[in-house]
Amino acid sequence: MPESHSGESLLYLTDEQLRQGIEAMYFAYRGFTADPDRILATMAYGRAHHRAIHFIKRAPGTTVTNLLEILGVTKQSLNRVLRTLIEDGLVESRVGPSDRRERNLFLTEAGEALENRLSDAQRVRMRSAYRDAGPEAVSGFRKVLEAMMDGEMKRRYASLRENGP
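Anyway, here's the lowdown on the structure attached to this text.

Calculation criteria
Residues numbered from 1 in each chain as written. Predicted model: local features only at pLDDT ≥ 70, side-chain atom pairs only at ≥ 80, totals over all residues. Heavy atoms only, no water. Pairing = 2+ DSSP bridges. Helix = DSSP H or I, 4+ residues; strand = E, 2+ residues; numbered from the N terminus. Contact = heavy atoms within 4.5 Å. Salt bridge = Lys/Arg side-chain N within 4 Å of Asp/Glu carboxyl O. Buried < 20%, exposed > 50% of the residue type's maximum accessible area, 1.4 Å probe, protein only. Core = buried A, V, L, I, M, F, W, Y, C linked by side-chain atoms within 4.5 Å. Patch = residues over 30% accessible without salt bridge, like charges linked within 9 Å, V, L, I, M, F, W, Y side chains within 5 Å. Areas by Shrake-Rupley, 256 points an atom, 1.4 Å probe, with all protein chains shown as cover. 1 Å grid on protein atoms, 1.4 Å probe; cavity = no way out; pocket = protein on both sides within 12 Å on 5 of 7 lines; lining within 4 Å. Points joined across faces, edges and corners; volume = space filled by probe spheres on them. Nonpolar A, V, L, I, M, F, W, Y, C, P; charged D, E, K, R; others polar. Axes fitted to C-alpha atoms, helices over the stretch in contact; angles between N-to-C directions. Parallel < 35°, antiparallel > 145°, perpendicular 65-115°, else oblique. Left-handed = near helix turned anticlockwise from the far one by under 90°.

### Concerning the sheet that holds strand 3 (residues 62–63)
Within a sheet, adjacent strands bond to each other through the backbone by hydrogen bonds, running parallel or antiparallel.
In step 1: Here three strands make up an open sheet; going across it, the order is 3-5-4 and the pairing antiparallel. If you trace the sheet from one side to the other, it starts and ends with strand 3 and strand 4 (91–95), each paired once.
In step 2: As paired strands, strand 4 and strand 5 (residues 103–107) are joined by five bridges and run antiparallel to one another. Paired with E92 across the strands is F106, a residue of strand 5.

Written out as structure tokens, the structure is:
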């Protein structure tokens, strides 16, 4: 009989079951990124460009500093990505309203169109998977993903969910 912790039974998985879960995550991630990767490859962009575009769309006017914190990349790496996106007319950088040193980022019309193409491809895949799995599995999957986040990531994720569009 499983032990009890705060009234809930604990879940015990074998190392083999955990390995299978890890491998499933790897392959699911490959599937999740495959469609956007094909679109990005035609433009000589990579996943870093996609992540930047996604979070700028999610929080229009976000600062470079905030984007650095969300993405967890180096300033040099993000600057390379942003420079390309700005030069290609997908992102606009505006001087901050209260601090001229601050840069606020916005997608241009072309950036919005690209973000929609990339996200539409992922939404189709997720919608299909969610339908196949059912509502309880969707809820459980979200709980598992959130439980895998460390405290700071969980805080950022919650903030996006609360403050996002």
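From this point, things continue past the structure.
### Quick word on the side chain of E115
In step 1: With respect to the element layout, E115 can be found in helix 5 (residues 109–133).
In step 2: Once residues lying within four places of it in the same chain are set aside, the contact partners of E115 are I53, H54, K57 and L107.

### Focus on the pattern of salt bridges
In step 1: In the structure shown here, the tally under the stated rule is 13 salt bridges.
In step 2: R161 is paired through a salt bridge with E146; the nearest N and O atoms lie 3.0 Å apart. With a gap of 15 residues between them, R161 in helix 7 (residues 151–163) and E146 in helix 6 (residues 135–148) connect regions that are remote in the sequence.
In step 3: Assessed through its relative accessible area of 21%, E146 is described here as partly exposed.
In step 4: Each of E69, E152, R155 and R156 takes part in salt bridges that share partners, so that together they form one network.

### Let's talk about the nonpolar core
In step 1: Membership of the largest hydrophobic core comes to 22 residues, with the highest contact counts inside it found for I56, L67, L78, L82, L85, L105 and L114.
In step 2: Setting aside residues no more than four positions away along its own chain, L67 makes contact with A52, F55, I56, T62, L78, L82 and L105.

### Examining the pairing of strand 5
In step 1: Note: strand 3 against strand 5, two bridges, orientation antiparallel. Along strand 5, the bridge assignment pairs T63 with N104.

### Focus: a nonpolar patch on the surface
In step 1: A contiguous nonpolar patch, built from M25, F141, V144, L145 and M148 and spanning about 430 Å² of accessible area, is present on the exposed surface.
In step 2: Top contributing element to the nonpolar patch by residue count: helix 6, with four residues.
In step 3: Its location among the elements puts V144 in helix 6.

### Section: the layout of surface pockets
In step 1: Reported here for the largest pocket is a volume of approximately 2400 Å³.
In step 2: In this structure, the largest pocket is lined by 48 residues; those nearest its centre are F32, M126, L145, M149 and Y157.
In step 3: For the lining of the largest pocket, the secondary-structure elements that each account for two or more residues are helix 1 (15–41), helix 2 (47–58), helix 3 (64–71), helix 5, helix 6 and helix 7.
In step 4: Element by element, the count of residues in the lining of the largest pocket is highest for helix 1, at eleven residues.
In step 5: Of the residues belonging to the lining of the largest pocket, the class tally is 27 nonpolar, nine polar and twelve charged.

### A closer look at the packing of helix 3 against helix 4 (residues 75–87)
In step 1: Between helix 3 and helix 4, whose axes approach to 10 Å, the crossing angle comes to 115 degrees. On the basis of the axis angle, helix 3 is roughly perpendicular to helix 4. Where helix 3 crosses over helix 4, the handedness of that crossing is right-handed. Residue-level contacts link V64, L67, L68 and L71 of helix 3 to K75, L78 and L82 of helix 4.

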